[in-house]
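Coordinate analysis (summary)
Spelled out, the chains give:
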Amino acid sequence: MPTVLRVGRFRFFFFSNEGKEPSHIHCRAGSSEAKFWLQPIELASNYGFDAKTLGRIEAIVQAHEQLFIKAWNEYFA
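Owing to the predicted nature of the structure, the values given are computational and were not obtained by experimental measurement. (Residues numbered from 1 in each chain as written. Predicted model: local features only at pLDDT ≥ 70, side-chain atom pairs only at ≥ 80, totals over all residues. Heavy atoms only, no water.)

Across its full length, the protein carries 2 helices and 5 strands. Moving toward the C terminus, one meets the helices and strands of the protein in the order β-β-β-β-β-α-α. Whereas a compact globule of 77 residues would reach a radius of gyration of roughly 11 Å, the protein reaches 11 Å, a difference of no more than 12%. The C-alpha extent of the protein, read off along each of the three principal axes, is 35 × 20 × 20 Å. (Helix = DSSP H or I, 4+ residues; strand = E, 2+ residues; numbered from the N terminus. Rg over C-alpha atoms; globule rule 2.2 N^0.38 Å.)

Strand order in the open sheet formed by 5 strands is β1-β2-β3-β4-β5, and the pairing between neighbours is antiparallel. The two strands at the open ends of the sheet, each matched to only one other strand, are β1 (3-7) and β5 (41-47). Going from strand to strand, the sheet's axes swing by 20° on average, the running direction of each strand aside. Across 4 bridges, the pairing between β1 and strand β2 (residues 10-13) is antiparallel. Note that in β2 the partner of Thr3 across the bridge is Phe13. Helix α1 (residues 51-63) contacts β1, β2, β3 (24-29), β4 (32-38) and β5 of the sheet and is inclined by roughly 50° relative to β2. Against the sheet, helix α2 (residues 65-76) touches β1, β2, β3, β4 and β5, its axis set at about 155° to β1. (Pairing = 2+ DSSP bridges. Axes fitted to C-alpha atoms, helices over the stretch in contact; angles between N-to-C directions. Contact = heavy atoms within 4.5 Å.)

Moving on, we get to the pattern of salt bridges. In the structure shown here, the tally under the stated rule is 3 salt bridges. For Lys35, the salt bridge identified is with Glu21, shortest N-O distance 2.7 Å. With Lys35 in strand β4 and Glu21 in the loop between β2 and β3, the pair connects residues that are 14 residues apart, well separated along the chain. A relative accessible area of 31% places Glu21 in the partly exposed class. For Arg28, the salt bridge goes to Glu33, with nearest N and O atoms at 2.5 Å. (Salt bridge = Lys/Arg side-chain N within 4 Å of Asp/Glu carboxyl O. Buried < 20%, exposed > 50% of the residue type's maximum accessible area, 1.4 Å probe, protein only.)

Here we come to the nonpolar core. By size, the foremost hydrophobic cluster in this structure holds 21 residues, and its most contacted members are Phe10, Phe12, Ile25, Phe36, Ile57, Val61 and Phe68. Mapped onto this core, the elements with two or more residues apiece are β1, β2, β3, β4, α1 and α2. Those residues in contact with Phe36 that sit more than four places away from it in its chain are His24, Ile25, Ile41, Glu42, Leu43, Ala44, Leu54, Ile57, Glu58 and Val61. (Core = buried A, V, L, I, M, F, W, Y, C linked by side-chain atoms within 4.5 Å.)

In short, the description is geometric, and any link to function would need to be established separately.
Have a look at this one:
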């Protein structure tokens with residue numbers, strides 16, 4: 001489960017067996033987790049985050065989109 005970025009309490013990662021799915025990033029904080037598709041950025045799933053927090057996470061995903069895509073492509077290449 002490679003961690004790509006940590007921002008405050010949020011950890012952004014993907015699972016090592018997900019290479020057959022489109023590029024995406026998971027975000028976990030405590031017991032909550034969300035998954036965002038990267039191209040285009042879109043919420044794929046949410047387990048526990050409220051709408052305000054999802055907005056903050058999406059802004060972080062947008063700000064680091066290229067980092068996440070690069071990490072995904074390098075890992076699954």
